[in-house]
Amino acid sequence: MLKLVSFYGGLGLVLWGLHQSSLASWLHQDVKFIWAFFFFLAYLSHALHQIGWKNDREKFIPFHMASLAIRFIASLIFIGVFGYIETPEMILFVGNFFVLYLCSTNFEIIGLLRNLRRF
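Residues numbered from 1 in each chain as written. Predicted model: local features only at pLDDT ≥ 70, side-chain atom pairs only at ≥ 80, totals over all residues. Heavy atoms only, no water.

Under an unreviewed UniProt entry, the name given to the protein is ATP synthase subunit I, and the source organism is Aquirufa aurantiipilula.

Here is the structure:
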């Protein structure tokens with residue numbers, strides 16, 4: 001859990017630093033909502049992984065697949081809601097969303113590989 005908080009804290013600091021620099025035009029005004037959304041999804045995914053890991057290690061894979069499905073469906077709903085409310089600069093919003101999606105997915109994959117080596 002400490003790794004999760006430190007990663008998203010560091011990501012938040014990077015986003016804040018980019019917002020303060022001359023590269024702020026590359027960030028959407030709602031990037032903080034995207035960051036909070038991915039932090040929530042990462043916490044939910046972590047909780048599901050812990051449930052699958054605790055009860056029986058054979059249940060880890062179904063819980064992991066469930067977390068991936070939830071992440072995908074929640075991401076589609078998130079983008080759909082912001083598209084429905086007609087967020088300005090939607091292309092920039094989607095670009096920022098997918099960059100943060102790739103960062104959080106990369107973090108999750110690296111963490112899973114470390115855990116599965118001990119499996």
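Colleague: Describe the overall build of the protein, and please don't skip the residues or the numbers.
Modeller: Assigned secondary structure in the protein consists of 4 helices and 0 strands. A principal-axis box enclosing the C-alpha atoms of the protein has dimensions of 45 × 30 × 15 Å. Expressed as a percentage of the 119 residues in the protein, the buried residues total 29%. Surface exposure of the protein reaches about 8,000 Å², of which carbon and sulfur atoms provide 72%. Distance between charge centroids for the protein: 15 Å, based on 9 positive and 6 negative side chains. (Helix = DSSP H or I, 4+ residues; strand = E, 2+ residues; numbered from the N terminus. Buried < 20%, exposed > 50% of the residue type's maximum accessible area, 1.4 Å probe, protein only. Areas by Shrake-Rupley, 256 points an atom, 1.4 Å probe, with all protein chains shown as cover. Lys, Arg positive; Asp, Glu negative; His and termini not counted. Charge placed at Lys NZ, Arg CZ, Asp CG, Glu CD.)

Colleague: Could you give an account of the side chain of Ser67, naming the residues involved and the relevant values?
Modeller: As for its position among the elements, Ser67 is in helix H3 (residues 60-84). Setting aside residues no more than four positions away along its own chain, Ser67 makes contact with Ser45, Leu48, His49 and Glu108. (Contact = heavy atoms within 4.5 Å.)

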